[in-house]
Structure formats: C-alpha cells, structure tokens
There are 2 protein chains.
Amino acid sequence: MKKTVLCIIAALGLMSSVPGAAQQSIWGGPQSVSPQINEDNTVTFRIFAPDADTVQVTGDCIPLMEVPLPDGKMAHVRTAGMQRDSAGVWTYTVPEPLPSELYSYNLIVDGVKVTDPSNVYMIRDVNSVFSIFVIGGGQGDLYAVNDVPHGTVSRMWYPSPSLGMQRRLTVYLPAGYEDSSRRYPVLYLLHGMGGDEEAWISLGRTAQIMDNLIARGKAEPMIVVMPNGNAYQEAAPGEAADGMKQPGTDRSRSMEGSYETSFPDIVDFVDSHFRTETKKSGRAIAGLSMGGFHSLHISCYYPDAFDYVGLFSAAIRHREGLDSPVYRDVEAQIARQFSKAPVLYYIAIGDEDFLYKDNCGFREFLDSKGYPYEYHESGEGHIWKNWRIYLSDFVTKLFK
Amino acid sequence: MKKTVLCIIAALGLMSSVPGAAQQSIWGGPQSVSPQINEDNTVTFRIFAPDADTVQVTGDCIPLMEVPLPDGKMAHVRTAGMQRDSAGVWTYTVPEPLPSELYSYNLIVDGVKVTDPSNVYMIRDVNSVFSIFVIGGGQGDLYAVNDVPHGTVSRMWYPSPSLGMQRRLTVYLPAGYEDSSRRYPVLYLLHGMGGDEEAWISLGRTAQIMDNLIARGKAEPMIVVMPNGNAYQEAAPGEAADGMKQPGTDRSRSMEGSYETSFPDIVDFVDSHFRTETKKSGRAIAGLSMGGFHSLHISCYYPDAFDYVGLFSAAIRHREGLDSPVYRDVEAQIARQFSKAPVLYYIAIGDEDFLYKDNCGFREFLDSKGYPYEYHESGEGHIWKNWRIYLSDFVTKLFK
C-alpha cells in the first residue's frame, strides 16, 4: 500500500494537493527532458520511472537489432533498453547521429507501449499514437515550421450526392491566397487504407512541406485538397456523428469503385468554393497506397481532369469480380488517358515495399505500351518517411 | 533478459516481425477496449500490462479519495487502483454512473503517468496530455459531433504590426457561411495563461458546441475567432519557427498591456478577410482566466468595439507598476464603457476557484457603481468543465 500511495503522489506531481486532477495545468507537467536532441544529432530519451522494472524505447530512430523469439527464430526490432540511474530516471541515447528526418517512437514501461510523457508532440497513424521529433539540417527542415509565410489549413465539409452524405476534407491554401484575386492550381492528395482526411496534414506534414518549398521557390503556390477517401465514412474517427469510436479498418466500400465515381463531388465543391484553375493543366492527383490506387483509377476514368498523376507505393490490382465501371477494361482507359498526353505520370516506391512487385508489373505494362512516366525508387518500404519524401519531390514538378 | 525480450515482443505486437516500427499501422494496434462506456454510464478502463506491478487510473471521472502523505497529512486525489486478472489485463470500473460530460484521465503504470494506449482521443493542456471520452445524454451532447451541419475550422496567420510579428489564430465559420453572402457577427474567444490558439478548439470543444447550439436554434450563426493571446509567442508550441519546444509557461510580455493594444490588428484582419458585422452590436469578446482579464481590459480600453463581454473565471487584478495605458485609471475606463450601455456584461466563476474572491470584489465594485451585469456561479474551480459550460450558456445570449 505504501508503495502504491507513493506511486500516486509521484505520478500526480503537484496535482496531488488539489481536489480533482483537472485544474488547468499552468504548473506541474513532466519532470524529464525528453527527447533531447544533442549537438551532434544524437538523441537522448528520458523518463522518470523509479518503480518500473524495465523501460525500453522503440521506433524508427533506434538501431535495428535481432532478438530471439520463444520459438528460436530471430525477430528484427528497433527497440533498445533504457538504463536506470539511482534517482529513478531511465535514459537511452542513440549511438550514432541521426540523419535529418522526422522520427517517431514509443516508450515501453514494464511491457506497456506508451507515448513519451515528456513530449507533447505526437501523431496518430490509424489506431496507434507515436511521439515524434524532427532532426533538422536536411530533409527534416522541410517538415519543420520555419520563418516563412504560412498557408491556411481548414477542415470543412462538402456534400457528396453520389455517396449520399456530408463528408469532411482538409484544405491547404498557400500564403497569400486570401490577399490575392488570382486563381490557383490544385493538388488532390489521397491517403491510404486506414487513413483519413487528417493523415496527410499530420503524418504527411503537408502544410510544412508546402510552406517551405513555396518559400524556397521550389514549388508553385497551389491549393492542396486532402479528402477523406473511405467511401464508408463521413470523416476521421471522432469527427463524425458515430462518436469517439477507436479507429478500425472497416473495409466496406473500400476500393470497389464508389469513391472513384464520387470524386467529381469533391472537385465541384473545391472549384465552386475556392479560386481554382479548372483546366486539366491546373489539376494534379496523387496518393499513397490505396490513395495511389485511387489516383490511378480516377485519373484514367476521368482522362480530361488531371495533367499530373502521382502514385506513391500504390496498390495496383483491383479485386476480382467487382462490377464497377471504374475497373472495366482498365487498359483501354489508360490508353485513352495517355492518348491525351498527361504532363507527368509519376511512380515512386521503396524496394522493400510489399507492393514493389505489383508496381514492377505495372511499369512493365506501361513500358510495353510506350506510355511515358517518371520513376523513383527509394530504399525501405511502406512507410510515411518515404511518402513525405515522394511528396516533397512530386510537388516541385507541378504546374511549371 | 528473457523477461525483457518477452516484454518487447508483447509491446510491439505484430510489429516485431517487420524491420522498423514505422510501417503504416493498418494492422495491430491496442489489445484492450478502453474506455468502455457501459449502458448505465459507468465506464470501464482496461490495459494489458502483464508485467506491471501496479496500475492506477486518475482523472475527473474517478471518485475523490483521501490518501495519506508521507508527512501524515492527507491528500485528496481522484485516483483508483486497477485490478489485474490472470491474463494480465488490468481493469477498473467507476462505481457510479457518470453524469453527461467530457472527462479526462490518465493511467499510471508502475508510477508513470501515461495516456491510455487503447484510446486515440487525447487533448493537450499546456504541457500535459490527457485521454478523453464523452458521456452523452445531457451536457456532454454539446461536446459530441452530432448529425448536424458542421462549420469550417481554419488555422491561419495574421500580421500584427503592433507586436512586430506574424501570429496564428483559429477561426470557426458557421455552416452555410461559404454558400451565403450575408455578414456574420463575431465572437472573439480568448484562452488562459499557458494556453494558445488551440485551447478553445480542442479543450473547449468550441466547434462542437457552436455546431450543436446553432443547429438547435439556441445560438445565432456566428464567426468565432480564437487568437493566440501570448504577446511573446507567434503561435502554439510546435506551430512556430522556434521548433518543437515543450510547452512552458513563459510569462514575458504577459498581462502587461501589449496584447490588449495589439487587439485591433486581429479585428482588422478578421473584418478584412471575412464577411463580418463590423458594428459594436455584432461583436462579442470573452475569455477564461487570463483571457477574461484580456476581455475585461480590451472591452473597456476600446469601449466602442464590443457589445457583449464574457469573463469566465477571470483574472481581475493587474500587477503593480505597469506603465501601460491599458491599466491607467481602469475605473474611469469602465465608467466610459458602461456609459455606452453594453448589451451584456457576463461574469461566471466557480465557488472553489482561486480567483473567486477577486471576482467578488469586482462585482462589489460594479454593484457600487450600478453597472449592470449577469452573474453565474457554478460549483468547482478553475477547470475546463466550467469554461465549456460557461461558453455553452454565453453564446446563447449573443446577437439576438
């Protein structure tokens, strides 16, 4: 009992002296500095946990290590043990400087994976929440907020008569939009399975990437529209009337054609509510994984709509037996699309991606027909690090 | 070592079989259902933590209990021990049904206060992060997303020549704004010390409250502007060029007059970028704690600007020795303000608030002068529960 009470007192900090734990947190808060980005770009994680038996840190910033599984096989994990000092603070410092990137991690306290209590910066990926930090000095600078003009980010709702519901989308307007009367080109940017209209703006750091590339003169000022791409869903978890359900991976009405044929609802809404370029030359569509699949099919089903197409780690093959016109004679649709010479057809994937082979097959098909495309192959697999890099590259090629 | 490895395997779940922890989380995720809102509005918390020695849950949803401190005194905490079953799942169910409200909580795993790994819904209050849930059927329904028309929420930047910087603000536009040509009244809604332009929209559930009250016909459609109220700061932590600093409570340039005199920069920006009512009768200002202090002073320093003023748990007294004109002869400023008969001067505070006595003193002053105001006294203290309730009441009285 004594240990339990001291645990409570330690964990609640100053709040133990006030009735109720919900006083505004002007005072109190975490007791450790974590993560600490050191001068040499190593990073130190800390957590005050005097009563824990083991604490680890796991994430893409931790070196890969092999651990034996109970069945004798080996597993590869990016997980490291933290060391406890006499005051009860556990510490781990990564052994090598980290390249400039956005990293995500969790702590594991006596077997429970949690976000870092000392770090308020976290992002949700479907139903997992990670703590994050950015190492600057390179690619990571594109993901940081810098002293440049900032665009406006809006969450709004549009009517989708095709899907019979109001639906939510996220819109990035470039700095200067509100004080101008010009029309802007539009990039439609689509998320993957399990994602939603929050994915590109949070995990994808789209607003930061666009602010920074536009300020550097590398990207044209453009509107970026990030719709919800799940035809079964009005909005991201917690943002629709079905309440604070924990995010799942409902696949009803996924990749069966209804989202693709509802896409004109989104374009109509955007064109009627923002000052957009409404010609093909002013429109791009790109997406990751399922969003790449959507971009592939929407762009060939509506061959006059988009002059720029980006497939990032795209799913290629549709399920058998679907009767949507979207998947009927896709080869003929693509032929029609390329007969109209899109300005850019861009494919990017990592060589460890589980969709790598499908993408090879798709490129072989394009090659066999002589359809031109631009191809970028990266390392690693089906991860947000790659998708942020692909986006940062793709947007510099648009609307020039 | 064996225990450590098994801990890692358990915590990483399916991710142990893939290299790197950053694959898109389509599969995997939490293993427990938590929180589970039961039919009788009790709530069950769960966490899978077979290797933990003690797990507690703490928050405003837990009954108050007394615990002895090491020095023999008693502390009052809302913290309860969870019970472990043979599978390693820890469980706690609150003993009584909870009234309809938005609740916040944390779990404490072997002394470490964390968010609930099974619940993706969390909000940051200054430098603490809480897991949240809503009990419906009453006041909580105002904080839930319901099947009603939804407004647009934008994060944008405005120039503040007075403060010499670009600054960030959050704007709520009521449903229908974009498809209308009418002008809308504006509520300026200000946060407290340690807060920022994210506080009212996240902790305050402003978008949900406004959507729901407008849909019920209880509130007029209005624009709500939630600026950053810290004169030392461009934007919320992580949203400005100073990087992902952990939120602190920098008090430089706080409550010393410069924010108040910069307020016309905000109003000018809003009036020039949105279709607003620009008369006094179309403007309200309200805030909590420091934001109440700001509302008090801005509304009397600019007595022709706001017909509606709301002081929620307001700080009243300014520091001695400040030489800002904002605090010069405040009684005369208030006399001038009331000579122009504001439509509503609204004061709300909880009877346990540490600012309660100051508010009594301020009301005595208003009474002694015969200045009319509306007063609402609630239970409890300086907490978001109260501020959400005050907002839900205040906005029903505006612009009628």
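Residues numbered from 1 in each chain as written. Chains lettered and ligands numbered in written order. Predicted model: local features only at pLDDT ≥ 70, side-chain atom pairs only at ≥ 80, totals over all residues. Heavy atoms only, no water.

Explain the packing of helix α3 (residues 206-215) of chain A against helix α8 (residues 384-394) of chain A to me, please; I cannot follow it from the model alone.
Residue and element names in this part refer to chain A. Packing of α3 against α8 brings their axes to within 10 Å, and their N-to-C directions diverge by 30°. The angle between α3 and α8 falls in the class roughly parallel. Crossing angle aside, the handedness with which α3 passes α8 is right-handed. Together, Thr206, Ile209 and Leu213 of α3 and Arg388, Leu391 and Ser392 of α8 make up the contact between the two elements. Among the residues making up the contact of α3 with α8, the classes are represented as 3 nonpolar, 2 polar and 1 charged. (Axes fitted to C-alpha atoms, helices over the stretch in contact; angles between N-to-C directions. Helix = DSSP H or I, 4+ residues; strand = E, 2+ residues; numbered from the N terminus. Parallel < 35°, antiparallel > 145°, perpendicular 65-115°, else oblique. Left-handed = near helix turned anticlockwise from the far one by under 90°. Contact = heavy atoms within 4.5 Å. Nonpolar A, V, L, I, M, F, W, Y, C, P; charged D, E, K, R; others polar.)

Got a minute to help me understand the side chain of Arg168(B) in this structure?
Secondary-structure assignment places Arg168(B) in strand β14 (residues 165-173). Excluding anything up to four places from it in sequence, Arg168(B) contacts Arg155(B), Met156(B), Trp157(B), Tyr158(B), Glu197(B), Glu198(B), Pro227(B), Asn228(B), Glu234(B), Ala235(B), Ala236(B) and Glu239(B).

So what exactly am I meant to see when it comes to unusual backbone geometry here?
Most peptide bonds take the trans configuration, and most residues that are not glycine carry a negative phi. The omega torsion of the bond from Ser34(A) to Pro35(A) falls at -5°, within 30 degrees of zero and hence cis. On the secondary structure map, Pro35(A) appears in the loop between α1 (2-12) and β1 (36-37). Of note, the phi angle at Phe399(B) is positive, near 60°, even though the residue is not glycine. Examined against the element boundaries, Phe399(B) turns out to sit in the segment after α8 (384-394).

I'm lost on the domain arrangement of chain A in this one. Help?
Accessible area lost on assembly of the parts is the figure often given for the size of an interface. Residues and elements named next belong to chain A. Considered domain by domain, chain A is made up of domain 1 (32-137) and domain 2 (148-397). Put simply, the middle of domain 1 and the middle of domain 2, counted by C-alpha atoms, are 32 Å apart. If you look at the interface, domain 1 gives 7 residues, while domain 2 gives 16 residues. Between domain 1 and domain 2 lies a buried interface of about 930 Å² when both sides are counted; carbon and sulfur atoms form 58% of it. Counting across the interface, domain 1 meets domain 2 through 2 salt bridges. For the salt bridge of Glu101 with Arg388, the shortest nitrogen-to-oxygen distance reads 3.9 Å. The tally of links between domain 1 and domain 2 comes to 2 residue pairs in polar contact (both at pLDDT 80 or more). Of the residues forming the side of domain 1 that touches domain 2, the biggest block, 3 residues, is contributed by strand β11 (residues 122-125). Partitioned by chemical class, the residues of the side of domain 1 that touches domain 2 number 3 nonpolar, 1 polar and 3 charged. (Domains from an automatic or database assignment. Buried area = accessible area lost by both parts, 1.4 Å probe. Salt bridge = Lys/Arg side-chain N within 4 Å of Asp/Glu carboxyl O. Polar contact = N/O pair within 3.5 Å; in protein donor to acceptor, adjacent residues only side chain to side chain.)

I would appreciate a short explanation of the packing of helix α4 (residues 258-273) of chain A against helix α5 (residues 290-301) of chain A in the present structure.
When two helices pack together, their arrangement is given by the angle between their axes and by how far apart the axes lie. All names here are of chain A. In the contact formed by α4 and α5, the axes pass within 10 Å of each other and the chain directions differ by 60°. Accordingly, the angle class assigned to the pair α4 and α5 is oblique. Remark: the crossing between α4 and α5 carries right-handed chirality. In contact with Tyr259, Glu260, Thr261 and Phe263 of α4, α5 contributes Phe293, His294, His297, Ile298 and Tyr301. Classifying every residue of the contact of α4 with α5 gives 5 nonpolar, 3 polar and 1 charged.

What am I meant to see in the nonpolar core here?
General note: in soluble globular proteins, nonpolar side chains tend to be found buried as a group. One finds Leu187(A), Phe312(A), Leu398(A), Leu187(B), Phe312(B) and Leu398(B) to be the most contacted residues of the largest nonpolar core, which totals 84 residues. Not counting residues within four places of it along the chain, the set of residues in contact with Leu398(A) comprises Leu187(A), Glu220(A), Met222(A), Ala284(A), Tyr308(A) and Leu344(A). By size, the runner-up hydrophobic cluster in this structure holds 46 residues, among which are Ala52(A), Val57(A), Val94(A) and Tyr103(A). (Core = buried A, V, L, I, M, F, W, Y, C linked by side-chain atoms within 4.5 Å. Buried < 20%, exposed > 50% of the residue type's maximum accessible area, 1.4 Å probe, protein only.)

Is there a simple way to think about the sheet that holds strand β7 (residues 83-84) of chain B in this case?
The strands making up a sheet associate through backbone hydrogen bonding, with each pair oriented either parallel or antiparallel. Residues and elements named next belong to chain B. In spatial order, the strands read β1-β2-β8-β7; together these 4 strands make up an open sheet with antiparallel pairing. Edge strands, defined here as strands with exactly one partner in the open sheet, are β1 (36-37) and β7. Pairing analysis gives 5 bridges linking strand β2 (residues 43-48) to strand β8 (residues 89-93), with the strands arranged antiparallel. Opposite Phe48, over in β8, you have Val89 as the bridge partner. (Pairing = 2+ DSSP bridges.)

Hey, could you run me through the pattern of salt bridges in this one?
When the charged atoms of two side chains with opposite charge come close together, those side chains can pair. Under the counting rule described, the total for this entry stands at 26 salt bridges over all chains. For Arg168(A), the salt bridge goes to Glu197(A), with nearest N and O atoms at 2.8 Å. Here Glu197(A) lies in the loop between β15 (186-190) and α2 (199-202) and Arg168(A) lies in strand β14 (residues 165-173), a separation of 29 residues in the sequence. Given a relative accessible area of 0%, Glu197(A) falls into the buried group. Between Arg124(B) and Asp196(B) there is a salt bridge, and its shortest N-O distance comes to 3.0 Å. On the criterion of sequence distance, the pair formed by Arg124(B) in strand β11 (residues 122-125) and Asp196(B) in the loop between β15 (186-190) and α2 (199-202) is long-range, its members being 72 residues apart. For Asp196(B), a relative accessible area of 3% gives the class buried. Three or more residues joined by partner-sharing salt bridges are found here, namely Arg155(A), Arg168(A), Glu197(A), Glu198(A) and Glu239(A).

Can you help me understand the environment of Asp85(A) in this one?
Mapped onto the elements, Asp85(A) comes out in the loop between β7 (83-84) and β8 (89-93). When the C-alpha atoms of Asp85(A) and Pro50(A) are compared, they prove to be 8.8 Å apart, with 35 residues separating the residues in sequence.

Help me understand the pairing of β8(A), please; the structure alone is not making it clear to me.
A regular strand places its side chains so that they alternate between the two faces of the sheet. Residue and element names in this part refer to chain A. Here β7 runs beside β8; their pairing, made up of 2 bridges, is antiparallel. Within β8, the position partnered with Arg84 by the bridge is Trp90. The hairpin turn running from β7 into β8, its antiparallel successor, is 4 residues long, and Gly88 in that turn takes a positive phi close to 95°.

Explanation requested: the packing of aromatic side chains in the structure shown.
Geometry of an aromatic ring pair is reported as the spacing of the ring centres plus the angle between the planes. All chains considered together, the criterion is met by 52 aromatic pairs over all chains. With 5.1 Å between their ring centres and 70° between their planes, Tyr308(A) and Phe399(A) make a pair best called edge-to-face. Of the two residues, Tyr308(A) is situated in strand β18 (residues 308-312) and Phe399(A) in the segment after α8; the sequence distance between them amounts to 91 residues. By the burial criterion, Tyr308(A) is buried, and Phe399(A) matches it. Judged by centre distance (5.9 Å) and plane angle (80°), the rings of Tyr259(B) and Phe263(B) are edge-to-face. Pair noted here: Tyr259(B) and Phe263(B) are both in helix α4 (residues 258-273), with a separation of 4 residues, about one helical turn. Residue class for Tyr259(B) comes out buried when judged on its relative accessible area of 2%. Every member of this aromatic cluster is reached through a ring pair, and the members are Trp200(A), Phe312(A), Tyr346(A), Trp384(A), Trp387(A), Tyr390(A) and Phe394(A). (Phe/Tyr/Trp six-rings, centres within 6.5 Å; stacked < 30°, edge-to-face > 60°.)

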